[in-house]
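# Architecture and fold: a report
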Amino acid sequence: MGLPGNISACLFDLDGVLTGTAVLHRKAWKQTFDDFLRRRDGEGFAPFTDEDYLDYVDGRPRADGVRAFLRSRKIALPDGSADDPPSDDTVNGVGNRKNELLLKVIEKEGVSPYPGSVKYIQAAYEHGLKIAVVTSSANGKSVLDAADLSRYVHIRIDGVVITDRGLRGKPAPDSFLAGAEALAVPPEDAAVFEDALSGVEAGRAGKFGYVVGVDRVNHGDALREHGADIVVTDLADLLSGTYEAGVHGR
């Protein structure tokens, strides 16, 4: 499986690791923030960029991503509440606006798992490894079901669970630690699979036995710097041994 011999559990992020939905998230975030900034600043607004997505939003719970990006633009909004309508200019309203757009995009374009990820998670399941999906998305169940991956997953820690249990979002390790605990596996015997910088930071902070960075957008060096033991462009690379060690490589 391309993992150290002591690893008995795999904790996978969802969007960008198992499915191509990270691209859909990025589209929805860009439309949401660009519309907000255009209304606020006029046509001369500075648009939301791919770098903004990677630095402030990717891998984080929805409201945390809104706060982090707006903070980078020196914009402060009231938090509001989780059930704010998408029309509200609150942190939660902006986040709910993004989620409404995302669901429309998913309905239109569908959900496609990466073939290499399907091959890898199936092999992990057949090898008897325990499997959890740990995602900040509140749509984790519907995306897994649509991608036909739920049958391989023993535990799901998603945005709904994170909110209900009051867990800190990535880059804090809380959600991954909750996944390992639910699988009854100590962190040192579990591997984290992440494409987001905040996610590999969470894996390193939680002292997990192995952190696999998945490079979908040509930011392998940053994944290594933030804590990845190895970096792959596709999970199937682990089965063939085609990958590069990170700065923490062991």
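Above this text you will find the structure in question.
Residues numbered from 1 in each chain as written. Predicted model: local features only at pLDDT ≥ 70, side-chain atom pairs only at ≥ 80, totals over all residues. Heavy atoms only, no water.

## Observations concerning the nonpolar core
With 35 residues, the main nonpolar core has L3, F12, L18, F193, V212, L235 and L238 as its most contacted residues. Looking at this core, the element that brings in the most residues is helix α4 (residues 91-109), giving four residues. (Core = buried A, V, L, I, M, F, W, Y, C linked by side-chain atoms within 4.5 Å. Buried < 20%, exposed > 50% of the residue type's maximum accessible area, 1.4 Å probe, protein only. Helix = DSSP H or I, 4+ residues; strand = E, 2+ residues; numbered from the N terminus.)

## Structural notes on the environment of A28
On the secondary structure map, A28 appears in helix α1 (residues 21-41). Not counting residues within four places of it along the chain, the set of residues in contact with A28 comprises K98, L101 and L102. (Contact = heavy atoms within 4.5 Å.)

## Digging into the pairing of strand β1 (residues 9-12)
Every second residue of β1 is oriented toward a common face, with A9 and L11 on one face and C10 and F12 on the other, all of them buried. Of the pairings in the sheet, the one linking β1 to strand β2 (residues 130-134) comprises four bridges and is parallel in character. By the bridge assignment for β2, A9 is matched with K130. (Pairing = 2+ DSSP bridges.)

## A look at the packing of aromatic side chains
All told, the structure shown has nine aromatic pairs when counted by the stated rule. Taking the centre distance of 4.4 Å and the plane angle of 25° together, the rings of F12 and F193 count as stacked. Within this pair, whereas F12 is found in strand β1, its partner F193 is found in strand β4 (residues 190-194), the two being separated by 181 residues in sequence. With a centroid separation of 5.1 Å and an interplanar angle of 35°, the aromatic rings of F33 and F48 are classed as tilted. Of this pair, F33 sits in helix α1 while F48 is found in the loop between α1 and α2 (50-57), placing the two residues 15 residues apart along the sequence. Judged by its relative accessible area of 2%, F48 falls in the buried class. Through successive ring pairs, a cluster of aromatic residues spans W29, F33, F48 and F69. (Phe/Tyr/Trp six-rings, centres within 6.5 Å; stacked < 30°, edge-to-face > 60°.)

## A word on the environment of K207
Along the chain, K207 falls in the loop between α9 (197-205) and β5 (210-214). A relative accessible area of 66% means that K207 is categorised as exposed. Distance in space between the C-alpha atoms of K207 and P173 is 8.8 Å, their sequence separation being 34 residues. In this structure K207 touches P187 and E188, once residues within four positions along its chain are discounted.

## Quick look at α1
In this model α1 runs 30 Å from its N-terminal to its C-terminal C-alpha over 21 residues, within 8% of the 30 Å that 1.5 Å per residue would give. Along α1, the residues that are buried comprise T21, A22, L24, H25, R26, A28, W29, T32, F33, D34, F36 and L37. Packed against the buried residues of α1 are α2, α3 (62-72), α4 and α6 (140-146). (Expected span 1.5 Å × (residues − 1).)

## A look at the pairing of β2
Two faces belong to every sheet, and in a regular strand the side chains alternate between them. Among the five residues of β2, four are classified as buried, and the element is accordingly described as predominantly covered. Pairing analysis gives three bridges linking β2 to strand β3 (residues 155-157), with the strands arranged parallel. Residue pairing across strands places V134 opposite I157, the latter belonging to β3. What joins β2 to β3 is α6, and the crossover it makes is right-handed. (Right-handed = clockwise from strand over helix to strand, strands pointing away.)

## A few points about the side chain of R97
Its place among the elements puts R97 in helix α4. Judged by its relative accessible area of 13%, R97 is buried. Engagement of the side chain of R97 in a polar contact is seen with the backbone oxygen of P86, the distance being 2.5 Å. (Polar contact = N/O pair within 3.5 Å; in protein donor to acceptor, adjacent residues only side chain to side chain.)

## What about the packing of α1 against α2?
Taken N-terminus to C-terminus, the directions of α1 and α2 make an angle of 105°; their axes are 10 Å apart at the nearest point. Classed by the angle they form, the pair α1 and α2 counts as roughly perpendicular. Here α1 contributes A22, H25, R26, W29 and F33 to the contact with α2, which in turn contributes D50, Y53 and V57. When the residues that make up the contact of α1 with α2 are grouped by side-chain class, the tally is five nonpolar, one polar and two charged. (Axes fitted to C-alpha atoms, helices over the stretch in contact; angles between N-to-C directions. Parallel < 35°, antiparallel > 145°, perpendicular 65-115°, else oblique. Nonpolar A, V, L, I, M, F, W, Y, C, P; charged D, E, K, R; others polar.)

## Observations regarding the pattern of salt bridges
Oppositely charged side chains may form a pair once their charged atoms are brought near each other. Using the criterion set out here, one finds 19 salt bridges in the structure. Between D89 and R39 there is a salt bridge; the shortest N-O distance is 3.2 Å. In this pair, D89 is assigned in the loop between α3 and α4 and R39 in helix α1, connecting sequence segments 50 residues apart. Using a relative accessible area of 34% as the deciding quantity, one classes D89 as partly exposed. Taking relative accessible area as the criterion, R39 reaches 52% and is therefore assigned exposed. The salt bridge partner of K170 is E194, with a shortest N-O separation of 2.6 Å. Of this pair, K170 sits in the loop between α7 (159-165) and α8 (174-182) while E194 sits in strand β4; the two residues are 24 residues apart in sequence, bridging distant segments of the chain. Each of the two residues, K170 as well as E194, counts as buried. (Salt bridge = Lys/Arg side-chain N within 4 Å of Asp/Glu carboxyl O.)

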